[in-house]
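Listed here are the chains, written in short residue letters.
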Amino acid sequence: MKNPLFNKLAALAAITLLLLFGLGLIEDVVHDRQRYRSMTAQGVANSLAGPQTLVGPMIHSACVESWAVATGQGEERRATEQRREFLLTAMPEQLTLQSGAAMQERSRGLHKVNTYNLKAHITAQWGSLASLQPQATVKGSRMQCGAPILMMAVGDARGIRTAQLTLGEQTLPLRPGTFHPTYSRGLHAALPEAVRDQTNGLSATLELELVGTERLAMVPLGGNTEVQLGSSWPHPSFAGRFLPSEREVKADGFNARWRLSALATTAQHDIANGKKVCDAASTAGSDHALAATAERDCADSFSVAFIDPVNPYTLSDRAIKYGVLFIALTFVAVGLFELMKKLRVHPVQYLLVGSALCSFFLLLVSLSEHLPFGVSYAIAATACVLLLAYYASHMLGSLARGVPLGAGIALLYGLLYVLLQLEQTALVVGAVALFMVLTAVMVLTRNVNWYGLAPARAGANYGTTHPEAA
């Protein structure tokens, strides 16, 4: 226990644990701010409209089949009526949607939420409407069916701004709701009873303006479904059961096209059976078992999310995960100066250096709420580098030692910024950089006599060395 090297390592281990506790507290702050941002997005959705999901157009008709059943014998013989309620549906053979989404940024306090204004031109064509003809299951039963209803379901009906439906050459009035037992939010139009017997097909066109928040999903109901979506948002995230068959993402927006056949999806069968349409975000973080369950219980759909890739809280959270590496590499650099220049750095000085490194992450989070992330990162990194270079010049005994240490820390901050901007290659870049640091340490210490280190250091002086020692 009296070995100076052992005591120094024990002190550094205790300091590292203390700094890790501080990093954990800063990470909790980031998570709290993320929750506040999620609450803000939910507040905007509650006041405007939430994520939208388009289901339709399709035609349905509610029917009741009733029949009499005799029970008892003789004078106790009674006739009771039984009934069966069912829903007839007709899915379009051809469904085409051409749309554009204009982005609108909404703010509450410090937080911003992406909303969109969708203008869609939807064309649906039906061939035979034989599926709307009720079929009796009991001989002699009576059939009663409501009027055929052409409906368009949306995720949040509050987002509907304007809608116009044209059936052939006739414009039909639209009413709120869908009269569908599962997909009740949306709009509908009652069709004449004669459409059940129509054999030459039916064509409908819907002009729809819809407001939503952050995400748009669609269900491919057509025998052939073609969707074209364009927007000025340059950072789309495509999800769901189908990715676009064609897409073009540029700095000024994106264009995407989906071409789907009913042979590749069970959407028609799912909607006819009343399966729910799941929110794509609800299963984004689930494991494989939960995702498989969601696929069985939810109707097929595809979606696009208008994400913000420069989310300051997400980037700050990723940066904090590198905090341990920052502290370790900085301590290694200071230790090398101790070793190579025969210096003595007190554990309290290590603690102050580590505290400055931790303060960078808190500065980054707080500044990024008011400034662009890149500017916030530059300010926080510059402040910490200047502070550490100044302190290291006195801690290590000369400016010629403090400036290289500050330059090394600046290089670390630059590398971290590069890693935060990378997505696909962040791991390989980080691994290569760490290998290069390890290589440099091994090269610098290749001639060190580690067995003789403790006696050599025993005679060294504590505190700051004299300038001539430099």
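Structure: see above.
Criteria and thresholds
Residues numbered from 1 in each chain as written. Predicted model: local features only at pLDDT ≥ 70, side-chain atom pairs only at ≥ 80, totals over all residues. Heavy atoms only, no water. Phe/Tyr/Trp six-rings, centres within 6.5 Å; stacked < 30°, edge-to-face > 60°. Helix = DSSP H or I, 4+ residues; strand = E, 2+ residues; numbered from the N terminus. Buried < 20%, exposed > 50% of the residue type's maximum accessible area, 1.4 Å probe, protein only. Core = buried A, V, L, I, M, F, W, Y, C linked by side-chain atoms within 4.5 Å. Contact = heavy atoms within 4.5 Å. Polar contact = N/O pair within 3.5 Å; in protein donor to acceptor, adjacent residues only side chain to side chain. Expected span 1.5 Å × (residues − 1). Axes fitted to C-alpha atoms, helices over the stretch in contact; angles between N-to-C directions. Left-handed = near helix turned anticlockwise from the far one by under 90°. Nonpolar A, V, L, I, M, F, W, Y, C, P; charged D, E, K, R; others polar. Disulfide = S-S within 2.5 Å. 1 Å grid on protein atoms, 1.4 Å probe; cavity = no way out; pocket = protein on both sides within 12 Å on 5 of 7 lines; lining within 4 Å. Points joined across faces, edges and corners; volume = space filled by probe spheres on them.

Moving on, we get to the packing of aromatic side chains. One pass over the structure, following the stated rule, counts eleven aromatic pairs. Relative to Tyr350, the ring of Phe331 has its centre 5.1 Å away and its plane inclined at 85 degrees; by these criteria the two rings are edge-to-face. Residue Phe331 is found in helix H5 (residues 323-341), and its partner Tyr350 is found in helix H6 (residues 347-368); the two are separated by 19 residues along the sequence. Here Phe331 matches Tyr350 in class, with each residue buried. Aromatic side chains Phe373 and Tyr377 sit 6.2 Å apart centroid to centroid with 45 degrees between the ring planes, which places their arrangement in the tilted category. With Phe373 and Tyr377 both in helix H7 (residues 373-395) and four residues apart, this pair spans about one turn of that helix. Accessibility classification places Phe373 together with Tyr377 in one group, the buried group.

Attention now moves to the nonpolar core. Counting residues in each nonpolar core, the largest one holds 58 residues, and the members touching the most others are Leu54, Ile59, Leu118, Trp126, Leu216 and Ile271. Here this core gets six residues from one element, more than from any other, and that element is strand E4 (residues 111-126). Each residue touching Trp126, except ones within four places of it in the same chain, is listed here: Pro57, Met58, Ile59, Ala90, Met91, Pro92, Glu93, Leu150, Gly201, Leu202 and Ala204. Phe331, Ala356, Cys358 and Leu416 belong to the second largest nonpolar core, which has 43 residues in total.

The next subject is the environment of Pro134. Among the structural elements, Pro134 can be located in the loop between E4 and strand E5 (142-145). By relative accessible area, which is 24% here, Pro134 ends up partly exposed. With 73 residues separating them in the primary sequence, Pro134 and Ser61 have C-alpha atoms 9.4 Å apart. In contact with Pro134, other than residues within four places in its own chain, are Cys63, Phe86, Leu88, Met143 and Cys145.

Position of Arg196 among the secondary structure elements: in the loop between strand E10 (186-190) and strand E11 (202-213). Arg196 gets classed as buried once you look at its relative accessible area, which sits at 6%. One polar contact links Arg196 to Ser61, side chain to side chain, over a distance of 2.7 Å. Those residues in contact with Arg196 that sit more than four places away from it in its chain are Ser61, Leu88, Leu129, Leu132, Gln133, Cys145, Gly146, Ala147 and Pro148.

Right, let's get into H5. Here H5 contains 19 residues, and its C-alpha end-to-end distance of 27 Å stays within 8% of the 27 Å for a straight helix at 1.5 Å per residue. Among the residues of H5, those classed as buried are Gly323, Phe326, Ile327, Leu329, Thr330, Phe331, Val334, Leu336, Phe337, Glu338 and Leu339. Once H5 ends, the next one or two residues include Lys342, with phi positive near 55 degrees.

Turning next to the packing of H6 against helix H8 (residues 399-421). Across the interface, H6 lies against H8 with an axial gap of 13 Å and an inter-helix angle of 35 degrees. Of the two possible hands of crossing, H6 and H8 adopt the one that is right-handed. Of the residues in H8, those touching H6 at Leu357, Phe360 and Phe361 are Ile409, Tyr413 and Leu416. Along the lines of polarity and charge, the residues of the contact of H6 with H8 split into six nonpolar, no polar and no charged.

Under the counting rule described, the total for this entry stands at one disulfide. In this model, Cys63 is linked to Cys145 through a disulfide, with the two sulfur atoms separated by 2.0 Å. When the S-S torsion is 110 degrees, as for the bridge of Cys63 with Cys145, the disulfide is right-handed. Here the residue Cys63 occupies a position in strand E1 (residues 52-71), and Cys145 occupies one in strand E5, the gap between them amounting to 82 residues. Cys63 gets classed as buried once you look at its relative accessible area, which sits at 2%.

So, about the side chain of Ser61. Counting through the fold element by element, Ser61 comes out in strand E1. Residue classification places Ser61 among the buried positions, given a relative accessible area of 0%. From its side chain, Ser61 meets the backbone oxygen of Gly146 in a polar contact 2.8 Å long. Once residues lying within four places of it in the same chain are set aside, the contact partners of Ser61 are Phe86, Leu87, Leu88, Cys145, Gly146, Ala147, Pro148 and Arg196.

Evaluated as defined, the whole model comprises one cavity of 30 Å³ or more. Of the voids in this model, the largest cavity is the one considered here, and its volume is about 70 Å³. Forming the walls of the largest cavity are Leu54, Gly56, Leu95, Leu97, Ile122, Met152, Met218, Val219, Pro220, Thr225, Val227 and Phe302. Elements supplying a minimum of two residues to the lining of the largest cavity: E1, strand E3 (94-108) and strand E13 (224-231). Residue classes in the lining of the largest cavity are distributed as ten nonpolar, two polar and no charged.

Take the environment of Asp197 next. One can find Asp197 in the loop between E10 and E11. Between the alpha carbons of Asp197 and Leu132 there is a distance of 8.7 Å; along the sequence they are 65 residues apart.

Turning to unusual backbone geometry, a few remarks are in order. Note on backbone geometry: most residues besides glycine have negative phi, and most peptide bonds are trans. Going from Gly56 to Pro57, the amide bond is cis rather than trans, its omega being 0 degrees. Unlike most non-glycine residues, Glu214 shows phi in positive territory, near 70 degrees.

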